[in-house]
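Observations on chain architecture
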Amino acid sequence: MDNKNNIIEVENLVKKFGRFVANDSLTFEVRKGEIFGFLGANGAGKTTTIRILCGLSSPTSGKISVAGFDVYKETEKIKKHIGYMSQKFSLYEDLTVKENIEFYAGIYGLSRNEIRQRSGKLIKKLGLEEEKDMVIGSLPQGWKQKLAFSIAIIHDPDIVFLDEPTGGVDPITRRQFWDMIYEASHNGITVFVTTHYMDEAEYCERVSIMAEGKIVALDTPAGLKKTFNASSVDEVFLKLAR
Amino acid sequence: MLIIIGMPIVQVLIFGFAITNEIKDVQIAIIDNSKDEVSREITQKLLSSEYFLLNSNLSDYNEIEESFRGGKIKEVIIFENDFAFKLQRDKSAQVQIIADASDPNMANIVVNYTASILKDYQRSYMAGKYIPVTIVPEIKMLYNEELKSVFMFLPRAITILLMLISAMMTSISIAREKELGTMEVLLVSPLKPMQIILGKVFPYIILGFINAVTILLLGYYVFGMPVQGNMILLLLEVLLFIIMALSLGILISTIAKTQQTAMIISLLGLMLPTILLSGFIFPLENMPIILQLIANLMPPKWFIIIIKAIMLKGIGIAFIWKETLILLGMTVIFIGLSVRNFKVRLE
C-alpha cells in the first residue's frame, strides 16, 4: 500500500446493514488512469462499495482512501475530485440539455466563463447543437446516457464512478459509450465502472469479481482467463458463481 | 399498514365528534347593571344551560374590549339599569349581547342560543303574571359587524395555502429528486447538505410569501377586509409560519422515498388534520377534550389564532407572543428532527 500510483486504496472494508454483511472485508486498489471493472451479480455488493467510495455511505470498518483522502474525515475533499453517474438516470428531465450541463457545472464550482466554454464544447462534441434547447425528457435513452456521462466528468475529476452506466442501452450505443470511457481514460481520468455485462469486462484493464459481498477474483481479463482456463470473462464469472 | 387500518378509525372519530354545531361551555362575561332578581334569574338560567360558562363579571364597559382580546371570551351580556323595574313598568327591557365575530359561525350560534334562552325566560316570566312583556336582545357583532364569512375564511385560506405550498410542495420536490436519482448526484457533489436543502426550500419561501400577500391584497381590495393590526408583524408571522411549514416538508421528505409517499403523508398527515383540527371548519371549543389536546399539536391552530388576532382585532405581539413562541418552538423541533434524519439516511 501507500503506492503513489494507486488512486483508490481499500483495506478490509466491511459494511454491515444490521446483521446483513454487504461488503465482507474487501481489499483492493485502483491504479491511476486505469479502467477498473467491478463485476458481480445483482446484490453482490457493488453499489454499496461505490456508495462508500463516493462518501454517500459510511463504512462499518476498514481503511479506505480515495484520491489520497480518507473517506472518514475528508469526504468533502473527495467529493471535489470525483465524478459519479448512478444506475438511475440522473439528469433533470424537465430542464434542457444546456441547462443540465450548466447546472451541474455550476454545482462543481466552475466559473461562468468555464461553464460557457465547456458546455459549448460538450454540445458540439456530442453533436447536440440542434437539440441543446430541448428538454432532456424528449431525448432518446442512449443520448441521455452519453450526456449524463459527459456531465459526470465535466469538472475534470481524478476518478469517475460509473454504476451500471449502460443498463437498458442498445449494443451500438454501448459501444459508443465505451469509446467515451476510453477517451476519458486517455485524458487521465481513472474510471471505476460496475457492470453485469460480461463482454464489457473485456474492455477493462483490470477486473474484480464480487460474489456475496466478497471479492473472489482480481486480475486483468487475460490473466483471469488464463487462471480459470476460460475463453471469456463470462466463462470465468460463471465458474466462480458456481 | 398503520395508515390503512388507523386512518379510517381516526377519520370516523374525528368526523363523529367534531362535526357538531352544538356549543358547550362557551366562556362568557356578564355586566349586570341592575343586579336585581330578574337579571340574576336570567344569568342563572344561562349558566345552568351547559352551553355557557361564566368567565368573569365585568363592571366597566372598557373591560369588554380587553376581555375579547384575550380570545377566551366569546360573548358579553349586558343587562341595562333597573332591568326588573323596566320590565314591570314598561313591559320591556333591554339586554345587550356582544359577540366576538372574528369567527362568524361561532358568534352566530352563540348569539342564537342566548336569544332563545332569553325568549324562554320571557315565556316563563309571563306565564306567572299574564302580562305581555318583551326582553329585547340588542345584538352586536364585534370585529365583524356584517358577519362576513370571508373575514373568517381568509385567514384560514392563507393558512391552508401556505401549508399546502410550503409543506407539501417541498416534501414532494425533494422526494422527486430522490426518486429520479438526482439527489444522489447532488449529494456526491461538493455541495453541503445544508446548501442543497436551502436551495430546495428558498423558492418556496418566496412563493409562499407572494401567495400570502396576494390573498391579503385580494381580501382588502375585493372583500374589503382590513388589516387592523401591524402589517409588519403580520408579515413576520406569515414568514415564521412558512418556515415552519417548510421544515415540516423537509421532515416528511426525509421519511418518504417517493413523490407519492410524500404526497400521501402530506395530504393525510397534514391537510386533513389541518382542516379538521385547526378550527378551520369545526369550532375547536366544542370538541371532546382529547381532540382539543391533539389540536394543540397542530401548528395551523396557533397560526390562525395569531393572524385572526392581528387582522381582525388589531392586537400586537403582547397578546400573541405565546402562540408565536409555540410556532417558533415547533419550527426548531422540525428542523432538528430533519437534520438528524438527513444524516441518518446518509449512513
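Computed from a prediction, not measured in an experiment: that's the story for all the values here. (Residues numbered from 1 in each chain as written. Chains lettered and ligands numbered in written order. Predicted model: local features only at pLDDT ≥ 70, side-chain atom pairs only at ≥ 80, totals over all residues. Heavy atoms only, no water.)

What follows deals with the environment of Ser 247 of chain B. Residue and element names in this part refer to chain B. Among the secondary structure elements, Ser 247 is positioned in helix H9 (residues 231-255). Considering only alpha carbons, one finds Ser 247 and Leu 328, 81 residues apart in sequence, at a separation of 11 Å. Not counting residues up to four positions away in its chain, the partners in contact with Ser 247 are Thr 331, Phe 334, Ile 335 and Ser 338. (Helix = DSSP H or I, 4+ residues; strand = E, 2+ residues; numbered from the N terminus. Contact = heavy atoms within 4.5 Å.)

For the rest of this paragraph, the subject is the packing of aromatic side chains. Enumeration according to the criterion identifies 19 aromatic pairs over all chains in this entry. With 5.3 Å between their ring centres and 55° between their planes, Phe 149 of chain A and Phe 177 of chain A make a pair best called tilted. On the criterion of sequence distance, the pair formed by Phe 149 of chain A in helix H5 (residues 141-152) and Phe 177 of chain A in helix H6 (residues 171-186) is long-range, its members being 28 residues apart. Look at Phe 177 of chain A and you get buried, because its relative accessible area is 1%. With 4.6 Å between their ring centres and 80° between their planes, Tyr 51 of chain B and Tyr 113 of chain B make a pair best called edge-to-face. (Phe/Tyr/Trp six-rings, centres within 6.5 Å; stacked < 30°, edge-to-face > 60°. Buried < 20%, exposed > 50% of the residue type's maximum accessible area, 1.4 Å probe, protein only.)

Residue and element names in this part refer to chain A. Across the 6 residues that make up strand S3 (residues 35-40), a large majority, 6, are buried. With burial as the criterion, each face of S3 is covered, one bearing Ile 35, Gly 37 and Leu 39 and the other bearing Phe 36, Phe 38 and Gly 40. Relative to strand S8 (residues 190-195), S3 runs parallel, the two sharing 5 bridges. Residue pairing in the sheet places Phe 38 in a bridge with Thr 194 of S8. (Pairing = 2+ DSSP bridges.)

Bringing the sheet that holds strand S10 (residues 214-219) of chain A into the picture now. All names here are of chain A. Pairing within the open sheet is mixed, and its 6 strands lie in the order S6-S7-S8-S3-S9-S10. Across the chains shown, the open sheet's two edge strands, defined by having one partner strand only, are strand S6 (82-85) and S10. Adjacent strand axes in the sheet meet at a mean angle of 15°, parallel and antiparallel pairs treated alike. Running over the sheet, helix H1 (residues 46-54) touches S3, S6, strand S7 (159-163), S8 and strand S9 (206-211) and is turned about 150° from S7. Across the face of the sheet, H5 comes into contact with S6 and S7 while running at roughly 160° to S6. (Axes fitted to C-alpha atoms, helices over the stretch in contact; angles between N-to-C directions.)

In this section: the sheet that holds strand S5 (residues 134-142) of chain B. In a beta sheet, neighbouring strands pair by backbone hydrogen bonds and run either parallel or antiparallel. Residues and elements named next belong to chain B. Here 5 strands make up an open sheet; going across it, the order is S2-S1-S3-S4-S5 and the pairing mixed. Two strands lie at the open edges of the sheet, namely strand S2 (52-58) and S5, each paired on one side alone. Averaged over all neighbouring strand pairs, the angle between strand axes comes to 25°, with direction disregarded. Summarising the sheet, strand S1 (residues 26-32) and strand S3 (residues 75-79) pair through 5 bridges and their orientation is parallel. Bridge pairing links Ile 31 to Ile 78 in S3. Most of the contacts of helix H3 (residues 62-69) go to S3, to which it runs at about 160°, and overall it touches S1, S2, S3, strand S4 (92-100) and S5.

For the rest of this paragraph, the subject is a nonpolar patch on the surface. A cluster of nonpolar side chains, namely Leu 217, Leu 218, Tyr 220, Tyr 221, Val 222 and Phe 223 of chain B, defines an oily patch on the protein surface of about 650 Å² accessible area. Structurally, the position occupied by Val 222 of chain B is in the loop between helix H8 (193-221) and H9. (Patch = residues over 30% accessible without salt bridge, like charges linked within 9 Å, V, L, I, M, F, W, Y side chains within 5 Å. Areas by Shrake-Rupley, 256 points an atom, 1.4 Å probe, with all protein chains shown as cover. Salt bridge = Lys/Arg side-chain N within 4 Å of Asp/Glu carboxyl O.)

It is worth spelling out the side chain of Ser 171 of chain B at this point. Residues and elements named next belong to chain B. Within the secondary structure, Ser 171 sits in helix H6 (residues 149-180). One polar contact links Ser 171 to Ser 266, side chain to side chain, over a distance of 3.2 Å. If near-sequence neighbours (up to four positions away) are discounted, Ser 171 is found in contact with Gly 249, Ile 252, Ser 253, Ala 262 and Ser 266. (Polar contact = N/O pair within 3.5 Å; in protein donor to acceptor, adjacent residues only side chain to side chain.)

A few words on the nonpolar core. Ranked by internal contacts, the top residues of the largest apolar core, which has 124 residues, are Ile 8, Val 66, Phe 149, Phe 161 and Phe 192 of chain A. For this core, the leading source of residues is H9 of chain B, giving 13 residues. Sequence-distant contacts of Phe 192 of chain A, defined by excluding residues within four places in its chain, comprise Ile 8, Phe 28, Val 30, Phe 36, Phe 38, Ile 50, Leu 53, Ile 159, Val 160, Phe 161 and Leu 162 of chain A. The next biggest cluster of nonpolar side chains, apart from the first, holds 30 residues, and it includes Phe 83, Ala 93, Ile 117 and Met 141 of chain B. (Core = buried A, V, L, I, M, F, W, Y, C linked by side-chain atoms within 4.5 Å.)

To continue, consider the domain arrangement of chain B. Domains assigned within chain B are domain 1 (22-142) and domain 2 (149-346). Between the C-alpha centres of domain 1 of chain B and domain 2 of chain B there is a distance of 39 Å. (Domains from an automatic or database assignment.)

Attention now goes to unusual backbone geometry. Outside of glycine, negative phi angles account for most residues, and trans bonds account for most peptide bonds. The phi dihedral of Ala 67 of chain A falls on the positive side, at around 55°, and the residue is not glycine. Inspection of the secondary structure puts Ala 67 of chain A in the loop between strand S4 (61-66) and strand S5 (69-70). Backbone geometry places Lys 91 of chain B, a non-glycine residue, at a positive phi of 65°. Mapping Lys 91 of chain B onto the fold places it in the loop between helix H4 (83-89) and S4. Judged by relative accessible area, which is 30%, Lys 91 of chain B ranks as partly exposed.

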